[in-house]
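Coordinate analysis (summary)
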Amino acid sequence: MPKPIPIGADHAGFAMKQVLADELRQLGYQVEDVGTDSEASTDYADYAHKVAREVGSGDAERGVLLCGTGLGMSYAANRHHGVRAAVAWNEEVARLSREHNDSNVLVLPSRCLSNDEARSILHTWLDTKFEGGRHVNRIRKIEETE
Ligand code: RB5
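**With respect to the overall build of the protein chain**
Counting secondary structure elements, the protein chain contains 6 helices and 5 strands. Ordering the α and β elements of the protein chain from the N terminus gives β-α-β-α-β-α-β-α-β-α-α. Relative to the compact-globule value of 15 Å for 146 residues, the protein chain shows a C-alpha radius of gyration of 14 Å, a close match. Within the span of the protein chain, comprising 146 residues, buried residues form 48% of the whole.

**Quick look at the sheet that holds strand 2 (residues 31–33)**
Read from one edge of the open sheet, 5 strands run 2-1-3-5-4, paired in parallel fashion. With one partner strand each, in any of the chains shown, strand 2 and strand 4 (85–87) form the two edges of the open sheet. Across the sheet, the axes of successive neighbouring strands diverge by a mean angle of 20°, strand direction being ignored.

**Some points on the site of the ligand**
In the vicinity of the ligand, the contacting residues are Asp-10, His-11, Ala-12, Tyr-44, Cys-67, Gly-68, Thr-69, Leu-71, Gly-72 and Arg-111. The separation between an oxygen atom of the ligand and a polar main-chain atom of Gly-72 is 2.8 Å. Computed on the free molecule, the ligand has an accessible area of 300 Å², of which 74% lies beneath the protein chains in the complex. Residues that form the shell around the ligand fall into these classes: 4 nonpolar, 4 polar and 2 charged.

The rules behind the values
Residues numbered from 1 in each chain as written. Predicted model: local features only at pLDDT ≥ 70, side-chain atom pairs only at ≥ 80, totals over all residues. Heavy atoms only, no water. Helix = DSSP H or I, 4+ residues; strand = E, 2+ residues; numbered from the N terminus. Rg over C-alpha atoms; globule rule 2.2 N^0.38 Å. Buried < 20%, exposed > 50% of the residue type's maximum accessible area, 1.4 Å probe, protein only. Pairing = 2+ DSSP bridges. Axes fitted to C-alpha atoms, helices over the stretch in contact; angles between N-to-C directions. Near = heavy atom within 4 Å. Polar contact = N/O pair within 3.5 Å; in protein donor to acceptor, adjacent residues only side chain to side chain. Areas by Shrake-Rupley, 256 points an atom, 1.4 Å probe, with all protein chains shown as cover. Nonpolar A, V, L, I, M, F, W, Y, C, P; charged D, E, K, R; others polar.

Next up, the structure:
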């Protein structure tokens, strides 16, 4: 049984999170929505840490985060050991974040994307595999400073 995909957002990403959580369910994924549950102002790091903790511990293989720019979520998520959270603003970045960087958290900048663009980026990210090879050592070196 595939592990559930945790998804989280702050108020700026809330509406798009609902759209992407539905999309994931329609694709057959089990979704764990860690919040937020409304457009009331909230702190992005709370949700970034929830999703990143699951991915970093291995309880989830991949996670999805949304905030206005994607930046706050990525700063917080990337503090977790083993988490490679990639802000992707188009399909090419999403594809390369998987092929070259083995990203395990997709971070979407909700203020810069339409729902259709976000769905396409999500699909690309889910469907793209890590290339391995020369990229393995490069990723290992990221962990060297930890
Ligand atoms: C919220 O206003 C906004 O600062 C947040 O969603 C995000 O863009 C932070 O990085």
